[in-house]
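Next come the chains, spelled out residue by residue.
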Amino acid sequence: MPHVTVGSARLPYEVHGEGTGPSLVLVPGTGPGSVIFDHLVPGFTEGGRRVVQANFSGSAHAQDDGGELTLELLAEQVIAVLEEAGNGPVDLLGFSLGSLVSATVAATRPDLVNRLVLVNGWAGPGDQYLRNMMTVWRELRGNSDAFGRYATITALSHATLNAGGHDGFESMLGIMLPTAGTLRHIDLNLRADIRGALARIQARTLVIGSTLDLTIPVQNAREVYSLLANATYAEIASGHGVIGECAEEFTKVVRDFLAADAR
């Protein structure tokens, strides 16, 4: 797997497809990294688009010195991927924490970002629900089972949680574990603030919120949208994990935005 090196960090990425238009670069959120996008790649590449799955420090396969994370540091890492594998200005999609990182990239290096998609993100640390949700989640770090159950019940809608019954729910518990990297991500979630960055973004932007989100309530996505000068907004009836829970609808919303904006 190819990788970029930024300071002490060694960051793997993946490239799929041979499209000649702007690459679509996917930036993950808190937790395991770009693997969360694996099932979406065919839906984006089938139309001839080139897709890059990026990772940053704290992701499962990234290596670094274990230091404190900042949005600026993670943005620098994503920028290194764009410069090496982006193939010109890219369409940049960030999910959850990845949306804050992507917004920071777009504000810092507008020359690298053609269009921007921000999914289930937030603007700053003012939401008391978000602050307490992340604080409780971090406090569960000593109990892997409780940590995973809390992440799962807040990430998915009630209907999805029940769709697979007991066995289906139990099968999802290994996705989110209290690794050192994930805990560093949560610490950053509690500090992250992109309100200044949002005001500087030039790229045409799609903001997506999930109406049933119990991790980052949809009011946060609406606030992000309100702070952008050149944006479109869409909502999907899903929990936080919209990229898995409503993958087909999510892919269509993103593809429609990119296609319409290109025209």
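The structure we're discussing is the one just above.
This one's a predicted model, so the numbers in the text were calculated from it and none came from an experiment.

Asks: What am I meant to see in the packing of helix α2 (residues 71–85) against helix α3 (residues 97–108) here?
Replies: The angle between the axes and the distance between the axes are what describe a pair of packed helices. Following both chains from N to C, one finds α2 and α3 inclined at 70°, their axes separated by 9 Å at the closest point. Between α2 and α3, the interaxial angle falls into the category roughly perpendicular. Between α2 and α3, the residues in contact are L71, L74, A75, V78, I79 and L82 and L97, L100, V101, T104, V105 and T108, respectively. Of the residues assigned to the contact of α2 with α3, the class counts are 10 nonpolar, 2 polar and no charged.

Asks: Explain the pairing of strand β6 (residues 90–95) to me, please; I cannot follow it from the model alone.
Replies: Within a regular beta strand, the side chains point alternately toward one face of the sheet and then the other, so they alternate between its two faces. The buried fraction of β6 is high, at 6 of 6 residues. Across the two faces of β6 the burial is the same, with V90, L92 and G94 and D91, L93 and F95 all buried. Where β6 meets strand β7 (residues 113–119), 6 bridges bridge the pair, whose relative direction is parallel. Counted as the bridge partner of G94 is L118 from β7. For the crossover that starts at β6, traverses α3 and ends in the parallel β7, the hand is right-handed.

Asks: Explain the pairing of strand β9 (residues 231–236) here, please?
Replies: Of the strand pairs in this sheet, strand β8 (residues 204–210) and β9 are connected by 6 bridges, and their pairing is parallel. Within the sheet, the bridge partner assigned to I208 lies in β9 and is A234.

Asks: Looking at this model, I keep getting lost on the nonpolar core. Mind explaining?
Replies: Across soluble globular proteins, you tend to see nonpolar side chains buried next to one another. Counting residues in each nonpolar core, the largest one holds 59 residues, and the members touching the most others are L92, W137, L198 and I201. For this core, the element with the highest residue contribution is α2, accounting for 9 residues. One finds V51, V242, A247 and F257 within the second-largest nonpolar core, a separate group that totals 23 residues.

Asks: Help me understand the pattern of salt bridges in this model?
Replies: Opposite charge on two side chains lets them pair, provided their charged atoms get close. Under the counting rule described, the total for this entry stands at 13 salt bridges. Across the pair R184 and D64 runs a salt bridge, and its minimum N-O distance is 2.8 Å. Placement of R184 in helix α8 (residues 180–191) and of D64 in the loop between β5 (51–53) and α2 is noted, with a sequence separation of 120 residues between them. For R184, a relative accessible area of 14% corresponds to the buried category. Overall, D64 belongs to the partly exposed group, its relative accessible area being 27%. Across the pair D256 and K252 runs a salt bridge, and its minimum N-O distance is 2.6 Å. Of the two residues, D256 and K252 both sit in helix α12 (residues 247–262), 4 residues apart, roughly one turn of that helix. Judged by its relative accessible area of 39%, D256 is partly exposed. Residue K252 is classed as exposed on the basis of its relative accessible area of 53%. Sharing partners across several salt bridges, the network here consists of R49, D91 and R115.

Asks: Can you walk me through unusual backbone geometry in this structure?
Replies: Here N87, not a glycine, exhibits a phi torsion of approximately 65°, which is positive. Tracing the backbone shows N87 in the loop between α2 and β6. Not every positive phi belongs to a glycine, and S96 is a case in point at roughly 55°. By the element assignment, S96 lies in the loop between β6 and α3.

Asks: How do you make sense of the environment of E83 when you look at a structure like this?
Replies: Examined against the element boundaries, E83 turns out to sit in helix α2. Along the primary structure E83 and V4 are separated by 79 residues, whereas in three dimensions their C-alpha atoms are 9.8 Å apart. Excluding residues that lie within four positions of it along the chain, E83 makes contacts with R109 and L112.

Asks: Before we go on, may I ask you to explain the sheet that holds β5 in this structure?
Replies: The pairing of strands in a sheet happens through backbone hydrogen bonds and is either parallel or antiparallel. What the 7 strands build is an open sheet, ordered β3-β5-β4-β6-β7-β8-β9; its pairing is mixed. Looking along the sheet, the strands with just one partner apiece sit at the ends: β3 (14–16) and β9. Each strand of the sheet is rotated relative to its neighbour by a mean of 20°, with strand direction disregarded. Relative to β5, strand β4 (residues 24–27) runs parallel, the two sharing 3 bridges.

Quick notes on the rules
- Residues numbered from 1 in each chain as written.
- Predicted model: local features only at pLDDT ≥ 70, side-chain atom pairs only at ≥ 80, totals over all residues.
- Heavy atoms only, no water.
- Axes fitted to C-alpha atoms, helices over the stretch in contact; angles between N-to-C directions.
- Helix = DSSP H or I, 4+ residues; strand = E, 2+ residues; numbered from the N terminus.
- Parallel < 35°, antiparallel > 145°, perpendicular 65-115°, else oblique.
- Contact = heavy atoms within 4.5 Å.
- Nonpolar A, V, L, I, M, F, W, Y, C, P; charged D, E, K, R; others polar.
- Buried < 20%, exposed > 50% of the residue type's maximum accessible area, 1.4 Å probe, protein only.
- Pairing = 2+ DSSP bridges.
- Right-handed = clockwise from strand over helix to strand, strands pointing away.
- Core = buried A, V, L, I, M, F, W, Y, C linked by side-chain atoms within 4.5 Å.
- Salt bridge = Lys/Arg side-chain N within 4 Å of Asp/Glu carboxyl O.

Bear in mind that shape data such as this cannot, by itself, settle questions of function.
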